[in-house]
Amino acid sequence: MKIDFDGIQAFVVIAELGGFNKAADQLHITQTALTRRVQKLESYLGLKLIDRTTRHVELTVVGREFLPQARVIVNEMTSAIGRLKDISQHAKGSFSLSCIASLTVSMVPKLIRQYANTHPNNRIRIFDATSSEVRKAVLNHQAEIGIALHGEKHADLIETTLFDDPLVFICQDTHPLKNKKLVTWSDMRDIDLIVVSNFTATRVLMDYQLAQHGIHLNGNYEVQHHATAINLVAAGVGCAILPSSTLNDGERPHIRKIVLKDPTVKRKVTLLRHKNTSLSPAAEAFFKLIQKSV
């Protein structure tokens, strides 16, 4: 069934304003166009809805019975279109973000704070996961946006490099190396290290790069999450080697972040979206914020 919304809307406005002149003005169309809309609707229904003379306009019996239902149709459609326009113009709504867990420690919360300032009523569902799980979430439409590590290209993913994220040395401000501008991997040999699990992409990257340079490090403590490592450093348990993005400068007043060289080990952070799926307005606004801010 093809619903003639223009004809129903014309009928309701004529009924409420009591004439064709006022109705045509309100709808910003000519009286001739308004008449054609009503005639088209009546022809489709096979019923007369309005009796019209040169001086008088009156609803038929069928027209009076139909008017309440017609009002509901027009009001609901107008309300629905208004909501969609509001979503489009103000990027309202909700979306899902999948992100590697290490970036949920510092970078992503900062971005969400910025986003909330301009889109205070939007909802974000955050799935922190491994890099491969982030990719799967975007591919399977479980998340509109993904933030992961650079990986094997996929035909259905649009992948944009955000930044290189070097591994850094993190220690308390009481540590002997605290005032150095940079340290080397050889400086790490006699240090109580907190390392992330060898199941994480950070650890795999570190071990691979160091193996190429004949360097092997053992940590006294192993954790699953970067945030745990930072908390242990803050508690004075030891030092950690983590991606620079996990800790903003000055974020923890008694913790130092020092450049780590010889070799410089970097991971590449990328922004993901599905190639064949348009982002919702809410997700599009966050996507642009990431590109602008990072």
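The rules behind each value
Residues numbered from 1 in each chain as written. Predicted model: local features only at pLDDT ≥ 70, side-chain atom pairs only at ≥ 80, totals over all residues. Heavy atoms only, no water. Core = buried A, V, L, I, M, F, W, Y, C linked by side-chain atoms within 4.5 Å. Buried < 20%, exposed > 50% of the residue type's maximum accessible area, 1.4 Å probe, protein only. Helix = DSSP H or I, 4+ residues; strand = E, 2+ residues; numbered from the N terminus. Polar contact = N/O pair within 3.5 Å; in protein donor to acceptor, adjacent residues only side chain to side chain. Contact = heavy atoms within 4.5 Å. Expected span 1.5 Å × (residues − 1). Arc of directions from axis to C-beta.

(A) Representation of the nonpolar core. Judged by nonpolar contacts, the single largest core of 31 residues is most densely connected at Phe95, Leu103, Ile145, Ile147, Phe286 and Ile290. The element best represented in this core is helix 9 (residues 281–293), accounting for 7 residues. Core analysis: the second largest hydrophobic core is formed by 22 residues, Val12, Ile14, Phe20 and Val38 among them.

(B) Spatial organisation of the side chain of Asp165. Of note, Asp165 is situated in strand 6 (residues 157–172). On the basis of relative accessible area, Asp165 is assigned to the buried category, the value being 2%. Among the polar contacts made by the side chain of Asp165, one reaches the main-chain amide nitrogen of Ser244 at a distance of 3.2 Å. Residues in contact with Asp165, not counting those within four places in the same chain, are Pro243, Ser244, Ser245, Val265, Lys266, Arg267 and Val269.

(C) Inspection of helix 7 (residues 201–212) at higher detail. When the terminal C-alpha atoms of helix 7 are compared, their 17 Å separation across 12 residues agrees well with the 16 Å that a helix rising 1.5 Å per residue should span. Every buried residue of helix 7 is listed here: Thr202, Arg203, Leu205, Met206 and Leu210. Considered in projection along helix 7, the buried side chains sweep an arc of 160° and stay on one side of the axis. Those residues of helix 7 that are exposed and aimed more than 90 degrees away from the buried face are Tyr208, Ala211 and Gln212. Looking at the buried residues of helix 7, the elements they touch are strand 6, strand 8 (193–196), strand 9 (221–223), helix 8 (226–234), strand 10 (239–243) and strand 12 (266–274). Downstream of helix 7 by one or two residues, Gly214 has phi in the positive range, about 70°.

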